[in-house]
Amino acid sequence: MNEACYYRVSVKGIVIDNDDRILLAREDNGKWELLGGGLDHGEDPKQGLRREIYEETGLTVTWISNEPKFFITCKRMNKDSYIANIVYRIELENLNFTPSDECQELRFFTVQEMSEVELFPNVAELQKVMMCNPSSG
């Protein structure tokens, strides 16, 4: 089996506020990421998304879109492997998160403002898609 042919699958949630800004989480390495994480074997994607967000932030997801809004692939940061992100639109009960290594800060950004901070590679790919198609969110 050639590991380079496989992707690590991750489910992510995109929160978009009334001003079309996207919620990102700053991790302990200073880079900004979408909420969510790796999908476990046999796990329902929506359940995995709820689990990951709760584990990393203590936040409760109150709504998930029926279908993914984006499918992003890119090389993983500092690795020779690739990641595939299945991105659902989500809503959260509130933004009163519990800090962790994977969520030190939450902040809303416009697509243009995302260029001003360090992003994980998958978020940079999402930004490119959204800049090319502003109505995609």
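Because the structure is predicted, anything quoted here is derived from the model rather than measured.

## Some thoughts on the overall build of the chain
Within the chain, the regular secondary structure consists of two helices and eight strands. Listing the helices and strands of the chain from first to last along the sequence gives β-β-β-β-α-β-β-β-β-α. The C-alpha radius of gyration of the chain comes to 14 Å, within 12% of the 14 Å expected for a compact globule of 137 residues. Expressed along its principal axes, the backbone C-alpha trace of the chain runs to roughly 45 × 30 × 30 Å. A burial count over the chain gives 42% of its 137 residues as buried.

## Regarding the pairing of strand β2 (residues 22–26)
With four of its five residues buried, β2 lies for the most part within the structure. Relative to strand β8 (residues 105–109), β2 runs antiparallel, the two being bridged by five bridges. Within the sheet, the bridge partner assigned to Leu24 lies in β8 and is Arg107. With two bridges connecting them, β2 and strand β3 (residues 32–33) associate as antiparallel partners.

## A short note on the nonpolar core
Across soluble globular proteins, you tend to see nonpolar side chains buried next to one another. Grouped together as the largest cluster of nonpolar side chains are 18 residues, with contacts concentrated most on Leu23, Leu35, Leu49, Ile53, Ile90, Leu92 and Leu106. Sorting the residues of this core by element identifies β2, α1 (45–57), β5 (61–64), β7 (82–92) and β8 as the ones contributing at least two each. The residues contacting Ile90, other than those within four sequence positions of it, are Gly13, Ile14, Val15, Leu49, Ile53, Val61, Trp63 and Ile64. Counting 17 residues, the second largest nonpolar core, distinct from the first, contains Ile16, Val87, Phe120 and Leu126.

## Re helix α2 (residues 121–132)
Taking 1.5 Å of rise per residue, 12 residues should cover 16 Å, and α2 covers 17 Å from first to last C-alpha, within 8% of that figure. Among the residues of α2, Asn122, Val123, Leu126, Gln127 and Met130 are the ones counted as buried. Down the axis of α2, the sector holding all buried residues measures 140 degrees, keeping them to one side.

## Describing the pattern of salt bridges
Taken as a whole and judged by the stated rule, the model has 11 salt bridges. Here Glu118 and Lys31 are joined by a salt bridge, their closest N and O atoms 2.6 Å apart. Of the two residues, Glu118 is situated in the loop between β8 and α2 and Lys31 in the loop between β2 and β3; the sequence distance between them amounts to 87 residues. Taking relative accessible area as the criterion, Lys31 reaches 17% and is therefore assigned buried. Lys128 is paired through a salt bridge with Glu125; the nearest N and O atoms lie 3.1 Å apart. Of this pair, Lys128 and Glu125 are both found in helix α2, three residues apart, which corresponds to roughly one turn of the helix. Assessed through its relative accessible area of 26%, Glu125 is described here as partly exposed.

## Considering the side chain of Ser65
Among the secondary structure elements, Ser65 is positioned in the loop between β5 and β6 (70–75). On the basis of relative accessible area, Ser65 is assigned to the buried category, the value being 2%. At a separation of 2.8 Å, a polar atom in the side chain of Ser65 contacts the main-chain carbonyl oxygen of Glu67.

## Section: the sheet that holds β2
Across the sheet, three strands lie side by side as β3-β2-β8; this open sheet has antiparallel pairing. With one partner strand each, in any of the chains shown, β3 and β8 form the two edges of the open sheet.

What counts, and at which threshold
For every chain, the first residue of its written sequence is number 1, and the numbers climb from 1 along that sequence. Two thresholds apply to this predicted model, a pLDDT of at least 70 for residue-level local features and 80 or more for giving and counting side-chain atom pairs, whereas whole-chain, interface and lining totals are computed over all residues. Values reported for side chains reflect all heavy atoms of the structure, with hydrogen atoms and water molecules removed beforehand. For helices the rule is a DSSP run of H or I covering at least 4 residues; for strands it is a run of E covering at least 2, with both sets numbered from the N terminus onward. Only C-alpha atoms enter the radius of gyration; for comparison, a globular chain is expected to reach 2.2 Å times N to the power 0.38, where N is the number of residues. Partly exposed describes any residue whose relative accessible area lies between the buried limit of under 20% and the exposed limit of over 50%, with all areas from a 1.4 Å probe on protein chains only and scaled to the type maximum. Any two strands between which DSSP finds at least two bridges are classified as paired. Buried Ala, Val, Leu, Ile, Met, Phe, Trp, Tyr and Cys residues form a nonpolar core when they are joined through side-chain atoms within 4.5 Å. Here a residue-residue contact requires only that any non-hydrogen atoms of the pair lie within 4.5 Å. In a helix, the anticipated span is given by 1.5 Å times the number of residues less one. For this quantity, the arc is that covered by the directions from the helix axis to the C-beta atoms. Salt bridge, as used here, is a side-chain nitrogen of Lys or Arg placed within 4 Å of a carboxyl oxygen of Asp or Glu. What qualifies as a polar contact is a pair of N or O atoms within 3.5 Å, subject to a donor-acceptor requirement within protein and to the restriction that residues adjacent in sequence count only when both atoms come from side chains.

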